[in-house]
Amino acid sequence: MVQIRLTNTRTRRKEVFEPLDCNDVRLYLCGPTVYDRAHLGNARPVLVFDVLVRLLRHVYGEDSVTYVRNFTDVDDKINARAAATGRTIREITDETIAWYHADMDALGALRPDHEPRATEYIPQMIAMIGDLIARGNAYEAEGHVLFDVRSFPDYGRLSGRSVDDMIAGARVEVAPFKRDPMDFVLWKPSGADQPGWDSPWGRGRPGWHIECSAMSEALLGPSFDIHGGGIDLQFPHHENEIAQSCCAHPEATFANVWLHNEMLQVEGKKMSKSLGNFFTVRDLLDRGVPGEVIRFVMLSTHYRKPMDWTEVKMKEAKAVLRRWWDIVGNAEPSKPSPHVILALADDLNTSSAIAALHQLYDEVRQWQPPQVEGRTGISSEEIQTWIDARSEFLASANFLGLLTEALSDWVKPTTWGDDIERLVTSICSKWLKLRRARNYEQADLLKSQMRAAHIELVAEKGDQTNFKYLNPYKKELADDILQKLQSIKESWEIAS
RNA sequence: GGCGGGUUGGCGGAGAGGUUACGCAGCGGAUUGCAAAUCCGUGAAGACCGGUUCGAUUCCGGUACCCGCCUCCA
């Protein structure tokens, strides 16, 4: 069995992964607060976990992995959005969840096995809070329930901080009813205009952290294997989750392995609205950046390193993927290469896995019939070698969620409508005639006119002509292109 | 102030105490009317200062710079 090693934030070491139960490997990823479109940074942990889940399923079996990712659908940001727009909270959260699904699907991310919504687990949260009070780890004060951090000696261990240090450097004003400045809210009272649920402490709503403790317990049990999210969640969110869950279940371990991905930057700077470099996944998709390209760029940097999103990377990724798609043809995937699997098993080294794909690509090229034909006769063994190499390459790429049918739209020929295509075809044959007649001056003139119509004419071997659209995604150019083609056709007196 | 991450060739980006990462770009060549695409070949590195070692870009210490978190954030 392939040995998987993961860097555990809890121990700060790369460790061999040993599941609690080989037949049910359990993971929890902190999901989005659903009040707006997911920004690009939100996609990073999703893709990291996507690769992790694929790897775990490969190693432990398709049905031996349970992947949970929550939706936080009770939050003051959502309340604010509802108040600002006059829409109901449920409308906003339903809509945002649908967006989230669409956007993550576009990146080829598999859906988790469970996607619990916080609002569906309020009773479990109330029960856990009650339990924490009974155990002396939480207390009620002025309608709030607070977690008593001094009651949990390990508080701060995950993030390597001491409660005293944090208090010394704290920049927040402290609510007067807190016993300790670091105590955090488990339950808070709701006004009439805020969403609320009845509880032993009055009508209110949960604090942010308790939902993950309650939902992971409900769906994965008090002890499970892997818990993840962005490194910014390490403190306070994950620290607080640990405090809640470990105090509610002292006999359990909660999450054994903590995985945290580093942050995303844009052109070397933090993505922020004030810098004007803030954008969502949908913004990129709408700009015509294929989801597969976003995925490739994300996976080309190891998850524990800061990742810089740049235009250059995007272009390079696009060029690479195009080349890869070109040699795939009608290949059937076989088994992924061990090189790819081993790279991923080593702390999800996606960058190294992509390097392995480049090598597999080279092997396919090496045996591709036109190449082979050039040297000597082709033996059937050589053909078979080529077919096998291609199948392995495809399966390996598929393992990373690349070169899949689902993400292939952008490499398929764009259809601009019959009118345009008929015109292009007839102009192509005119160009071919000019070239056959060695009338290159005229041929180049036609070519440059076509370029102005957003179409590049390309000469190919064997007296062929091909063409490609220069702006395949800008459908709004269709009218312009049609018009230009018609005038080209007329001026060159091309018969229909 | 506290905690954490980073610094690799022109750019991006990995691994490994001693042997080619890899990709893009560049350069040389093949092919081509031109061009594109493709193919073959190729140079180029590890912030700085010390230490450990037969040997460090890789381990240890320090310096500088960059970034993030400590408040909602993936």
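Treat the numbers as computed from the prediction; the structure is a model and nothing was measured.

Conventions adopted
- Residues numbered from 1 in each chain as written.
- Chains lettered and ligands numbered in written order.
- Predicted model: local features only at pLDDT ≥ 70, side-chain atom pairs only at ≥ 80, totals over all residues.
- Heavy atoms only, no water.
- Helix = DSSP H or I, 4+ residues; strand = E, 2+ residues; numbered from the N terminus.
- Polar contact = N/O pair within 3.5 Å; in protein donor to acceptor, adjacent residues only side chain to side chain.
- Contact = heavy atoms within 4.5 Å.
- Phe/Tyr/Trp six-rings, centres within 6.5 Å; stacked < 30°, edge-to-face > 60°.
- Buried < 20%, exposed > 50% of the residue type's maximum accessible area, 1.4 Å probe, protein only.
- Near = heavy atom within 4 Å.
- Nonpolar A, V, L, I, M, F, W, Y, C, P; charged D, E, K, R; others polar.
- Pairing = 2+ DSSP bridges.
- Axes fitted to C-alpha atoms, helices over the stretch in contact; angles between N-to-C directions.
- Core = buried A, V, L, I, M, F, W, Y, C linked by side-chain atoms within 4.5 Å.
- Domains from an automatic or database assignment.
- pLDDT = per-residue confidence, 0-100.
- Salt bridge = Lys/Arg side-chain N within 4 Å of Asp/Glu carboxyl O.
- UniProt positions renumbered as here; feature names shortened; annotations may be inferred.

Caption draft 1: Region of interest: the side chain of Ser396. Take Ser396: it is sitting in helix α14 (residues 380-399). Looking at Ser396, its side chain comes within polar contact range of the main-chain oxygen of Glu392, at 2.7 Å. Those residues in contact with Ser396, other than ones at most four positions away along the chain, are Pro336, Ser337, Val340, Leu357 and Leu360.

Caption draft 2: Highlighting the packing of aromatic side chains. All told, the structure shown has 11 aromatic pairs when counted by the stated rule. Ring centres of Phe17 and Tyr60 lie 6.3 Å apart, and the angle between their planes is 80°; on these two criteria the pair is classed as edge-to-face. Taken together, the residues span a long stretch of sequence, with Phe17 in the loop between β2 (13-16) and β3 (25-29) and Tyr60 in helix α1 (residues 40-60) at a distance of 43 residues. For Tyr60, a relative accessible area of 12% translates into the label buried. Judged by centre distance (5.3 Å) and plane angle (85°), the rings of Phe224 and Phe254 are edge-to-face.

Caption draft 3: Representation of the side chain of Thr72 within the structure. Within the element layout of this structure, Thr72 appears in the loop between β4 (65-69) and α2 (76-85). Residues within four places of Thr72 in sequence aside, it is in contact with Pro32, Thr33, Val34, Ile78, Ala118, Trp208 and Glu211.

Caption draft 4: Structural view of the protein's contact with RNA strand B. Taken together, the neighbourhood of RNA strand B is formed by 50 residues, with Lys77, Trp208, Gly230, Leu233 and Lys270 sitting nearest. Backbone sugar and phosphate groups make up 64% of those atoms of RNA strand B lying within 4 Å of the protein. The separation between a sugar or linking oxygen of RNA strand B and a polar side-chain atom of Asn42 is 3.1 Å. The set of elements that each furnish at least two residues to the surface near RNA strand B consists of α1, α5 (163-169), β9 (223-230), β11 (264-266), α10 (311-328), α12 (350-367), α16 (440-452) and β14 (455-460). No other element matches α12, which puts 7 residues into the surface near RNA strand B. Split into classes, the residues belonging to the surface near RNA strand B amount to 13 nonpolar, 18 polar and 19 charged.

Caption draft 5: Focus on the sheet that holds β3. One open sheet holds the 4 strands; their spatial order is β4-β3-β9-β10, and the pairing between them is parallel. Here the strands that pair on one side only, and so sit at the sheet edges, are β4 and β10 (254-261). Strand-to-strand twist in this sheet, taken as the mean axis angle between neighbours without regard to direction, amounts to 20°. Bridge count for β3 against β9 is 3 bridges, and the pairing is parallel.

Caption draft 6: Region of interest: the pairing of β2. Two strands pair when backbone bridges link them, and strand β1 (residues 5-8) and β2 are joined in this way by 4 bridges, in the antiparallel orientation. Counterpart to Thr7 in the pairing with β2 is Lys14. Once β1 ends, the chain turns through 4 residues before running back antiparallel as β2, passing Arg12 with a positive phi of about 60°.

Caption draft 7: Main features of the nonpolar core. Counting residues in each nonpolar core, the largest one holds 81 residues, and the members touching the most others are Leu40, Leu56, Ile226, Trp309, Trp324 and Phe393. Here this core gathers at least three residues from each of two domains, domain 1 (5-261) and domain 2 (277-400). Discounting chain neighbours no more than four positions away, the residues touching Leu40 are Leu264, Met271, Phe279, Thr280, Val281, Leu284, Ile294, Met298 and Trp309. Membership of the second largest hydrophobic core comes to 42 residues, among which are Tyr28, Val74, Leu220 and Cys246.

Caption draft 8: Here's a closer look at the confidence of the model for chain A. Across chain A, the average pLDDT comes to 88, with 95% of residues at or above 70. Contacts for the low-pLDDT stretch residues 371-376, under 50 throughout, to residues beyond four places or in other chains number 10 contacts.

Caption draft 9: Seen up close, the pattern of salt bridges. One pass over the structure, following the stated rule, counts 28 salt bridges. Taking the shortest distance from any N to any O, the salt bridge between Asp419 and Arg422 comes out at 3.8 Å. On the criterion of helical spacing, the pair formed by Asp419 and Arg422 is a turn pair, its members being 3 residues apart in helix α15 (residues 418-436). On the accessibility criterion, Arg422 (55% relative accessible area) is exposed. Of the charged contacts in the structure, one is a salt bridge between Glu456 and Arg451, with a shortest N-O distance of 3.0 Å.

Caption draft 10: Spotlight on the UniProt feature "binding site: Zn(2+)" (unreviewed entry) in chain A. UniProt feature "binding site: Zn(2+)" (unreviewed entry): in the numbering of this structure it lies at Cys30, Cys212, His237 and Glu241. Taking the farthest pair of C-alpha atoms as the criterion, the annotated set spanning 212 residues converges on one region, since that pair is 11.0 Å apart. Within the element layout of this structure, Cys30 appears in the loop between β3 and α1. Of the residues examined, Cys30 reaches a relative accessible area of 12% and is grouped as buried. Excluding residues within four positions of it along the chain, Cys30 makes contact with Asn70, Cys212, His227, Gly228, Leu233, His237, His238 and Glu241. Mapped onto the secondary structure, Glu241 falls in helix α7 (residues 234-248).

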